[in-house]
Amino acid sequence: MKQELTPFTDYLLKRKETRGYLFVPYLALGDPDWQSSEEIVDLLIRSGADTIELGLPFSDPSADGPVLQRAFRRSLSHPFSRELVFQFLEKISRKHPDFKFSVMAYANLFHAAGFDEMLKRLYTLNVGGVIVPDVPLEEAPAPAPNRPDWIQFITPTTRPERLKAIVSVARGFIYLVSLKGTTGQSGFTLEPLRKTIQTIRKQTRVPILAGFGIRSAAHAQEAATVADGFIIGSRIHEIIEENLSNHSIMKQQLIEELKGILP
Amino acid sequence: MAKREGYFGEFGGRFVSELLIPALDKLWEQYKKAIKDPSYKKEYQALLHDYAGRPTHLYFAANLSAIHKARIYLKREDTLHTGSHKINNTLGQALLARRMGKKRVIAETGAGQHGVATATAAAVLGLKAHVYMGEEDLRRQALNGFRMRLLGSTVEGVGGPTGTLRDAVNEALRDWSRTVDDTHYIVGSAIGPHPFPRIVRDFQSVIGKEARKQILAKEKRLPDMVSACVGGGSNAIGMFSGFVKDNVVLLGAEAGGRGDNPGQHSSSLSRGVPGILQGARTYLLQDSSGIVSPVHSVSAGLDYPGVGPEHAYLKSIGRAEYVSISDEQALEAFRVLSEVEGIIPALESSHAVAAAFDWINKARKKGLKDPLVIINLSGRGDKDVAEVQRILDGAGNEDH
Ligand SMILES: Cc1ncc(COP(=O)(O)O)c(C=O)c1O
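Right, let's walk through the structure included here. The structure displayed is predicted, hence computed values, not measured ones.

**A look at the sheet that holds strand β6 (residues 128-134) of chain B**
All names here are of chain B. The parallel open sheet is built from four strands, whose spatial order is β7-β6-β5-β8. Of all the strands in the sheet, just β7 (154-158) and β8 (183-185) have a single pairing partner and so form its edges. Taken over all neighbouring pairs, the strand axes of this sheet differ in orientation by 20° on average, direction set aside. In this sheet, β6 lies alongside strand β5 (residues 104-109) in parallel orientation, the contact comprising six bridges. Considered in β6, the bridge of E108 is made with Y132. Against the sheet, helix α7 (residues 142-150) makes contact with β5, β6 and β7, and its axis sits at roughly 145° relative to β7, the strand it touches most.

**Notes on the layout of surface pockets**
Here the largest pocket defines a volume of roughly 860 Å³. As for the largest pocket, its lining consists of 36 residues, and the residues nearest its centre are S59(A), R73(A), T162(B), R166(B) and D167(B). Looking at the lining of the largest pocket, the elements that each hand over two or more residues are α3 (66-75) of chain A together with α6 (135-140), β7 and α8 (165-179) of chain B. Classifying every residue of the lining of the largest pocket by side-chain character gives twelve nonpolar, eleven polar and 13 charged. The volume enclosed by the second largest pocket comes to roughly 650 Å³. Along the wall of the second largest pocket there are 33 residues; nearest its centre are K3(B), F8(B), R198(B), R201(B) and E310(B). Of all the secondary-structure elements, those providing two or more residues to the lining of the second largest pocket are β1 (7-8), β2 (11-15), α9 (196-219), α10 (234-241) and α12 (309-316) of chain B.

**Let's talk about the site of the ligand**
Residue and element names in this part refer to chain B. Close contacts around the ligand come from 19 residues, with S189, G233, S234, N235 and S378 the closest. Within the contact set of the ligand, an oxygen atom lies 2.6 Å away from a side-chain nitrogen or oxygen of S234. Contact with the protein chains removes 98% of the 390 Å² of surface that the ligand exposes when unbound. Classifying every residue of the shell around the ligand by side-chain character gives five nonpolar, twelve polar and two charged.

Scoring rules and cut-offs
- Residues numbered from 1 in each chain as written.
- Chains lettered and ligands numbered in written order.
- Predicted model: local features only at pLDDT ≥ 70, side-chain atom pairs only at ≥ 80, totals over all residues.
- Heavy atoms only, no water.
- Pairing = 2+ DSSP bridges.
- Helix = DSSP H or I, 4+ residues; strand = E, 2+ residues; numbered from the N terminus.
- Axes fitted to C-alpha atoms, helices over the stretch in contact; angles between N-to-C directions.
- Contact = heavy atoms within 4.5 Å.
- 1 Å grid on protein atoms, 1.4 Å probe; cavity = no way out; pocket = protein on both sides within 12 Å on 5 of 7 lines; lining within 4 Å.
- Points joined across faces, edges and corners; volume = space filled by probe spheres on them.
- Nonpolar A, V, L, I, M, F, W, Y, C, P; charged D, E, K, R; others polar.
- Near = heavy atom within 4 Å.
- Polar contact = N/O pair within 3.5 Å; in protein donor to acceptor, adjacent residues only side chain to side chain.
- Areas by Shrake-Rupley, 256 points an atom, 1.4 Å probe, with all protein chains shown as cover.

Here's what the structure looks like:
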């Protein structure tokens, strides 16, 4: 099996060698404010994040559950603009020049900027991959040099034909949606997806990251062994939400929670 | 540009989670089969005729016509069972759901008319229904909330105190991504990912088909103009589809609300720019970063920041005209139609009435004599009476 790997895939595969799995926290930017986001990014990198999925707030997050909806609502309760996002990314990419970030945004934020304009700009800001939950395979832009990898999704409803087509264009990592539903849902298990994972593995070396519903050490352990790692989001924003009145306790809690969860 | 499936020109598409793609594929496949199946067609036609009350009349509004020096016809979708055009679509989709072996249907609703029509179709076809409705809309249209429960459905308020139609669509999409195996999402307007805009248009096209036949029978000629209100755009696209190939002006009336500022109206086509929301690329009210704007209309059914992609297309090629009608104009048309013709229209439909008055006025000034127009009366105003009373009593037309 010969496959050209993108620099971002390479980066992830190398990082995976250290611990044997990849850890990708999700952070909705601006929750509860930009300063906290910056501090939390630092903290997540210190806690061992391999990339961070930075979520750009959107008014209509139809793939997100209640926790991440509230996170976006807090983000949008103060001024938000694309320029502020770029300024933020400039700052953190200067601070962490060897780290590759990922950006999650609903399609309209890309559309408003112009898909390619946005991708070009993000690429210059250490963004290795972009995750757009409301853009399925057919609507994705064609890959181009000097752009972040467009991350593809595989879900429990993806049938074999489609799976093959998705995996054949997968770059960066594959986002394995662990369950039918939205982010933050309970009942995480990869058991029903074991075969899917095997099928993907036969076709590609692009790492498989499980997401949706990961909130405990047991979940993380399962994802680290059955897949190549995991994305954890709602649990992080629950802790942010529970500690809005005290940011230093918030950060302490985040550190401890991640210590408890990481295999 | 090559014609892409699921697109109207550059508008439409399937901008949803990968999770939902197989269900959309299956729906499109099953729909194409169903509409060729004589037993499906027969059952749908029988329901439309015997249960919903089709065909609806094309009524010559003599008093209005005299006032406006025009020949004004009203397409009486307001006389349908459940009180609006929404039943044309829900019966079609509920039958489709049953055919696909789905046990449960969900719906979003703004004014509650689509929710009631879904609950009704589910009741008669033996399906379970769950309806999402914005909390602000549940307040404005409390009776419709209760009506759905009477019909055996469950209703869930969403989006917090300011929740409206867009919140209901988001929540229905979330539900569907969890329950897609046994649930069909009966999208209530010509919006959402392909194939919904196409399916809903087809089910509503009966409006335009009938109206065209009826006007030819009565007037021996086509109208100069047809008007309809545009929320998501289903009653309008249903009416327009009957006349799109003719030399007839297609006039869509959007909600102009309280003024031009963001948050004060929901005129996506007249004042928005293209974007991507809830499954489709279409005209949207949004800021320069792509955050979708809050919207307002006195009528809950038009209170939506997007619009069906086929309307975006008709606008982009200049085939249809879209105008913005203020709350005040709509309320005035509501009053006039009630007093002059004895017909209390839905606040949504009142926008189409007001737009037609404006158009007739301008057309006559340009020298068109006795303009012949059809206004689509998409629904009746019973649901709005309490809210209009509240506004007229001076409570004001504010958001809560
Ligand atoms: C009577 C009536 N007309 C129009 C609408 C707007 O929907 P659409 O634009 O899809 O016809 C509604 C929606 O609730 C309605 O109840």
